[in-house]
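# A structural walkthrough
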Amino acid sequence: MLWLDGDESYTLRGHLRDVSADGCSVVTLTRIPAPIGAIGAPELGIMTRFQVTHCRRDRLMQVTGLRFLASLPVE
């Protein structure tokens, strides 16, 4: 996953779950620091920008809901 914070960009490793046409949930050990970003999972056909809709801590894991904003072409 790539997220954008002004001119800075970062990557994050996590597990996608509950993928739908409108968005998905991500489970990771670290917090997603920016409310807008882009997510890429070519093996699932997902290349899109997202907006964070909710975050919750479940023990060591961070569960984050993402709403897809605009699709990008899968390369």
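Please refer to the structure placed before this passage.
In what follows, the accompanying structure is described. The structure displayed is predicted, hence computed values, not measured ones.

### Quick look at the overall build of the protein chain
Scanning the protein chain from N- to C-terminus turns up 0 helices and 7 strands. Written out in order from the N terminus, the α and β elements of the protein chain read β-β-β-β-β-β-β. Burial analysis of the protein chain (75 residues in total) assigns 32% to the buried set. A fraction of 45% describes how many contacts in the protein chain between residues 6 or more apart in sequence connect residues 24 or more apart. Of the roughly 5,100 Å² that the protein chain leaves accessible, carbon and sulfur atoms contribute 52%.

### Details of the environment of Y10
Tracing the sequence through the fold places Y10 in strand β2 (residues 8-11). Overall, the relative accessible area of 35% leaves Y10 in the partly exposed class. Put simply, Y10 and A34 are 24 residues apart on the chain and 9.8 Å apart in space, counted from C-alpha to C-alpha.

### Describing the nonpolar core
By size, the foremost hydrophobic cluster in this structure holds 11 residues: M1, L12, C24, V26, I32, I39, A41, I46, F50, L66 and F68. Of all the secondary structure elements, the ones that give two or more residues to this core are β4 (23-28), β5 (36-41), β6 (46-58) and β7 (61-71).

### Here's the deal with the environment of L29
Within the secondary structure, L29 sits in the loop between β4 and β5. What makes L29 exposed here is its relative accessible area of 62%. Residues L29 and G14 lie 15 residues apart in sequence; the distance between their C-alpha atoms is 7.5 Å. If we skip the residues at most four places from it in the chain, L29 touches R57, L60 and M61.

### As for the pattern of salt bridges
Applying the stated criterion to the full structure yields 1 salt bridge. For the salt bridge of R17 with D18, the shortest nitrogen-to-oxygen distance reads 3.8 Å.

### Comments concerning unusual backbone geometry
You will see that D18, though not glycine, has its phi angle at about 55°, which is positive. Relative to the helices and strands, D18 resides in the loop between β3 (15-17) and β4. The residue R59 is not glycine, and still its phi comes out positive at about 60°. Inspection of the secondary structure assignment puts R59 in the loop between β6 and β7. Residue classification places R59 among the exposed residues on the basis of a relative accessible area of 76%.

The rules we used
Residues numbered from 1 in each chain as written. Predicted model: local features only at pLDDT ≥ 70, side-chain atom pairs only at ≥ 80, totals over all residues. Heavy atoms only, no water. Helix = DSSP H or I, 4+ residues; strand = E, 2+ residues; numbered from the N terminus. Buried < 20%, exposed > 50% of the residue type's maximum accessible area, 1.4 Å probe, protein only. Contact = heavy atoms within 4.5 Å. Areas by Shrake-Rupley, 256 points an atom, 1.4 Å probe, with all protein chains shown as cover. Core = buried A, V, L, I, M, F, W, Y, C linked by side-chain atoms within 4.5 Å. Salt bridge = Lys/Arg side-chain N within 4 Å of Asp/Glu carboxyl O.

Everything listed here is a matter of geometry and, on its own, says nothing about what the molecule does.
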